[in-house]
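Here is what each chain is made of, one letter per residue.
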Amino acid sequence: MPVSNFKYKSEYIDGKKYLIICPSSEIYEGKGKKFHFGDEFEMQIAVFRYKGKLIALENICPHRHIDKIYDGIIKDGYVICPEHGWTYSLSTGENKYQKQGRKGLKKFEVFEKNGLVYIEEPKFELPKWKISPMSENL
Ligand code: FES
């Protein structure tokens, strides 16, 4: 696995590790911003501000594995993927329309402190199709 060259300062709060990803002023109301946490495509998160609160969701849409959730349209508590319209709850990450697909977006803990945005250290899993069968025997 490639070594990450994405460095964020970290801080432990009540024994849990958080990463400080940007100043609060960089997350605008009704907009999303994407953050990378490593070299793998999957290691990215979309952070939104909706009704003043921050929300952090996986940035890869499970429909066609495109990294555009951050650029989605925010409406009535949902984010709509700009590619084909799959619609996810901002509060849970669930797909609004189960006929579109059952897969939702993973949600991450995010908050602001002293004018900075903190996110729980994300744990990413590679999709099964990306794991080489050869690597299991090493
Ligand atoms: S890639 Fe998001 S709806 Fe198709």
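In case you missed it, the structure is sitting above this.
Each value, and the rule that gives it
Residues numbered from 1 in each chain as written. Predicted model: local features only at pLDDT ≥ 70, side-chain atom pairs only at ≥ 80, totals over all residues. Heavy atoms only, no water. Helix = DSSP H or I, 4+ residues; strand = E, 2+ residues; numbered from the N terminus. Buried < 20%, exposed > 50% of the residue type's maximum accessible area, 1.4 Å probe, protein only. Contact = heavy atoms within 4.5 Å. Areas by Shrake-Rupley, 256 points an atom, 1.4 Å probe, with all protein chains shown as cover. Core = buried A, V, L, I, M, F, W, Y, C linked by side-chain atoms within 4.5 Å. Polar contact = N/O pair within 3.5 Å; in protein donor to acceptor, adjacent residues only side chain to side chain. Pairing = 2+ DSSP bridges. Axes fitted to C-alpha atoms, helices over the stretch in contact; angles between N-to-C directions.

Another point: the overall build of the protein chain. If you tally the helices and strands in the protein chain, you get zero helices and 11 strands. Moving toward the C terminus, one meets the helices and strands of the protein chain in the order β-β-β-β-β-β-β-β-β-β-β. Across the 138 residues of the protein chain, 38% fall into the buried class. The long-range fraction of contacts in the protein chain, counting pairs at least 24 apart against all pairs at least 6 apart in sequence, stands at 45%. A total accessible area of about 8700 Å² is found for the protein chain, and carbon and sulfur atoms account for 52% of it.

Generally speaking, soluble globular proteins have nonpolar side chains that are buried together. Of all hydrophobic cores here, the largest spans 15 residues; its most connected members are I21, F37, V47 and I119. Elements with a contribution of two residues or more to this core: β2 (16–23), β4 (44–50), β5 (53–58) and β11 (116–120). If you tally residues by element for this core, the top one is β2, at three residues. In terms of nonpolar packing, the next biggest core, distinct from the first, is built from 14 residues, A46, I55, I74 and Y88 among them.

A separate point is the side chain of N95. Its location among the elements puts N95 in the loop between β8 (87–89) and β9 (107–108). Of the residues examined, N95 reaches a relative accessible area of 3% and is grouped as buried. Within the structure, the side chain of N95 is placed 3.0 Å from the backbone nitrogen of Y97, a separation counted as a polar contact. The contacts of N95, once residues within four sequence positions are left out, are W86, T87, Y88, Q100, G101, K103 and G104.

Attention now goes to the sheet that holds strand β6 (residues 73–75). Working definition: the strands of a sheet are paired by backbone hydrogen bonds and lie parallel or antiparallel to each other. The antiparallel open sheet is built from three strands, whose spatial order is β6-β7-β8. Of all the strands in the sheet, the pair left with one neighbour each is β6 and β8. The average angle at which neighbouring strand axes cross in this sheet is 25°, direction not considered. Both strand β7 (residues 78–80) and β8 contribute to a ladder of three bridges, which runs antiparallel. Following the sheet pairing, Y78 is matched in β8 by S89.

Here we come to the sheet that holds β11. If you trace the four strands from one edge of the open sheet to the other, you get β1-β2-β11-β10, paired in antiparallel fashion. This sheet does not close on itself; its edge strands, each paired only once, are β1 (9–13) and β10 (110–113). With direction set aside, neighbouring strand axes in the sheet form an average angle of 40°. Where β2 lies against β11, five bridges are found, and the strand directions are antiparallel. By the bridge assignment, P23 is partnered in β11 with L116.

The next thing to look at is the environment of G30. Note that G30 resides in the loop between β2 and β3 (32–36). A relative accessible area of 37% means that G30 is categorised as partly exposed. Considered as a pair, G30 and K53 are 23 residues apart in the sequence and their alpha carbons are 10.0 Å apart. Excluding residues within four positions of it along the chain, G30 makes contact with R49 and I74.

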